[in-house]
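The lines below spell out each chain.
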There are 6 protein chains.
Amino acid sequence: MSNAFEEFRARRESGNTRVLDTESLAIKRFFALDKQVYADGALSTREKELLGLVARLVLRCNDCVDYHLERCVEEGVKRAELDEAMSVAMMVGGSIVIPHARHAAKSIEYLLRDA
Amino acid sequence: MSNAFEEFRARRESGNTRVLDTESLAIKRFFALDKQVYADGALSTREKELLGLVARLVLRCNDCVDYHLERCVEEGVKRAELDEAMSVAMMVGGSIVIPHARHAAKSIEYLLRDA
Amino acid sequence: MSNAFEEFRARRESGNTRVLDTESLAIKRFFALDKQVYADGALSTREKELLGLVARLVLRCNDCVDYHLERCVEEGVKRAELDEAMSVAMMVGGSIVIPHARHAAKSIEYLLRDA
Amino acid sequence: MSNAFEEFRARRESGNTRVLDTESLAIKRFFALDKQVYADGALSTREKELLGLVARLVLRCNDCVDYHLERCVEEGVKRAELDEAMSVAMMVGGSIVIPHARHAAKSIEYLLRDA
Amino acid sequence: MSNAFEEFRARRESGNTRVLDTESLAIKRFFALDKQVYADGALSTREKELLGLVARLVLRCNDCVDYHLERCVEEGVKRAELDEAMSVAMMVGGSIVIPHARHAAKSIEYLLRDA
Amino acid sequence: MSNAFEEFRARRESGNTRVLDTESLAIKRFFALDKQVYADGALSTREKELLGLVARLVLRCNDCVDYHLERCVEEGVKRAELDEAMSVAMMVGGSIVIPHARHAAKSIEYLLRDA
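Residues numbered from 1 in each chain as written. Chains lettered and ligands numbered in written order. Predicted model: local features only at pLDDT ≥ 70, side-chain atom pairs only at ≥ 80, totals over all residues. Heavy atoms only, no water.

**Q** Quick rundown of the relation of the copies chain E and chain C? Include the residues and the values.
**A** Its rotation angle being 180°, the transformation that places chain E on chain C also includes 0.0 Å of axial translation and leaves an RMSD of 0.0 Å. Such values leave the two copies arranged in the relation of a two-fold axis. Among all C-alpha atoms of chain E, that of G94 of chain E lies closest to the rotation axis, at 1.7 Å. Taken as a fraction of all interface residues of chain E, those also at the interface in chain C reach 100%, which identifies the copy contact as same-surface. (Least-squares fit on C-alpha atoms with pLDDT ≥ 70 in both. Contact = heavy atoms within 4.5 Å.)

**Q** Any details on helix α6 (residues 98–111) of chain C? Residues and values, ideally.
**A** Residue and element names in this part refer to chain C. The end-to-end C-alpha distance of α6, which contains 14 residues, comes to 20 Å, matching closely the 20 Å that a straight helix rising 1.5 Å per residue would cover. Among the 14 residues that make up α6, eleven are buried, leaving the element largely enclosed by the rest of the structure. Within the span of α6, buried status applies to I98, P99, H100, A101, R102, A104, A105, S107, I108, Y110 and L111. (Helix = DSSP H or I, 4+ residues; strand = E, 2+ residues; numbered from the N terminus. Expected span 1.5 Å × (residues − 1). Buried < 20%, exposed > 50% of the residue type's maximum accessible area, 1.4 Å probe, protein only.)

**Q** Lay out the state of the cysteines in plain terms, naming residues and giving numbers.
**A** Note: disulfide means a covalent bond formed between the sulfur atoms of two cysteine side chains. All names here are of chain C. Within this structure, the stated rule accounts for six disulfides over all chains. Covalently, C61 is tied to C64 through a disulfide, its sulfur atoms 2.5 Å apart. The S-S bond linking C61 to C64 shows a torsion near 65°; that makes this disulfide right-handed. Take C61 and C64: they sit in the same class, and that class is buried. C64 supplies the cysteine sulfur nearest to C72, a cysteine that is in no disulfide, at a spacing of 13 Å. (Disulfide = S-S within 2.5 Å.)

**Q** Before we move on, can you summarise the relation of the copies chain D and chain A with the specific residues and values?
**A** For the pair chain D and chain A, the best superposition has an RMSD of 0.0 Å and corresponds to a rotation of 180° with a translation of 0.0 Å parallel to the axis. Here 100% of the interface residues in chain D have copies in chain A that are interface residues too; the copies meet face to matching face.

**Q** Any details on the pattern of salt bridges? Residues and values, ideally.
**A** This model, assessed by the stated rule, comprises 66 salt bridges over all chains. Here R11 of chain A makes a salt bridge to D63 of chain A, at a shortest N to O gap of 2.6 Å. Residue R11 of chain A is located in helix α1 (residues 3–20), and its partner D63 of chain A is located in helix α4 (residues 62–74); the two are separated by 52 residues in the primary sequence. Among the salt bridges present, the one from E47 of chain F reaches R46 of chain E, with a minimum N-O distance of 3.4 Å. With E47 of chain F in helix α3 (residues 45–59) and R46 of chain E in helix α3 (residues 45–59), this pair bridges two chains. (Salt bridge = Lys/Arg side-chain N within 4 Å of Asp/Glu carboxyl O.)

What follows is the structure in structure tokens.
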């Protein structure tokens, strides 16, 4: 069991509720657009989630990485594919990405524990 | 009660003490200059703290965000103003800023709990 | 005369035309939202343009800096205010921001040439 | 004709020659590894080049964007797919990515001029 | 005693094991190259570890900072030298580096506790 | 001859003059401190300039890289040492650093043309 991943899920949910409890229409629209971007289109949702994952890895945000890892797994992306996506992120982003790859590897283990 | 915010305060204070316990004059001067920059001038301290907040959000540093949120609240910045500053930061910095907006929303709730 | 600034204006306009000549609804909506964020609200457009300027400076993008400098000047921001905004950006973002401050100073000179 | 793209090609080639004219084995190995990462594997070269493109867009490097755009086009990626990849990069990386999207749109126009 | 530093060591070791438990040859080679880069050469290992430390500080990654602090101390770098390296990182990277300097100061205290 | 390097020198000088033509005491102090940081101390100026160079490379700013390359050469740093510093920057910062390594290699060629 990875308490870290469940803590992320809880933190994300309660945090989003707080952020969206706002008068700012721009924030609400930003969140709405953030969902639409990953919809099936010329590229599939699966492909876009992989793009999102690599973008988050090179920008080095663990919570964002966890979110896209979960979405990738839901879209059927396999462990070997996730590892190769990570290898691209490491190459582009450098060894500074490694701590996030360590975090990701732990999350992947949790997400695929019954696979 | 937000233990997270009080933990930040304690971590910041003990950390600054350690950093400033140094022979390096450059570090001491850097810290001194970091205070002077936010002084009232052509722009008010309140305006500069808002600038500092948005700069920290797009550079994605929770401890820095917490510090400027506290200073903004001390300068009388309102919740709706903080939210709009966050909307600018999200737009400029992208969805990678969202986890920091979630963190900020929790800190704002704590800082304004008696408001 | 700053040819550099006029070149930026031309590059921005022709580039935006190309980017928006797309089937991607997400891109069109992203551009639309990017305008709405700076509308008068709890914070004024003037204040938000200053926030945008500092965000662009610490993220170190000359074209973005030029755009917000122009908008700030349109909103009546004065030279001394722009300089103080730059001092906040330098302090937060470090000496790596200086080349962009040099670029900005040249653009400000051009934008305020008749002031 | 886009002289800008041809200038990038020439700058890249002469620059790589200079960088690789070195005693540093680490630099040579880094360049070699940078090629291997995009080889067909669990993910296809086409998929990895798209990942590389988005990583470069959010890290905001025009020369890198141009390189991966060229590789994507060689791998048969279509304009609509490139646009959707850009929409993901914008959403994750924010409006600070827009100047690089403008640059990319110009390069795409050149690369697909006979398509 | 700094539990934080020991927790980093454990997290790093278990994380690296997970990351390297992969079919991706690129990831394994990336890790191997990451060691070779710091070998004695035209610059000494000690000098390269200091370079690595400052690079990690300006890129703002605490786990990476901890790793290079430990390596620097193993190479005989003194407290006053570490402080001056930090002053360069602060100056280049700005006040956004300060929270990482606070983290580093705590790790240094732990690493040099018997010195 | 590298006109690019001489153009950088001219751009830097005229730009600094403009930036320092300001009422902002904070900007003047920031520039003054930026010089003091590299003074001989526990670490030598030569060592600090190398630290500055690598920090600029991983933060990816060509003008800053050029400045520190010039200073390193003035301090007697050799080509092989510069190359190893670049290898550390590439490893930490990833392939996104390569275009800046290409730029640096050209500047080094110019700076060492009579060596």
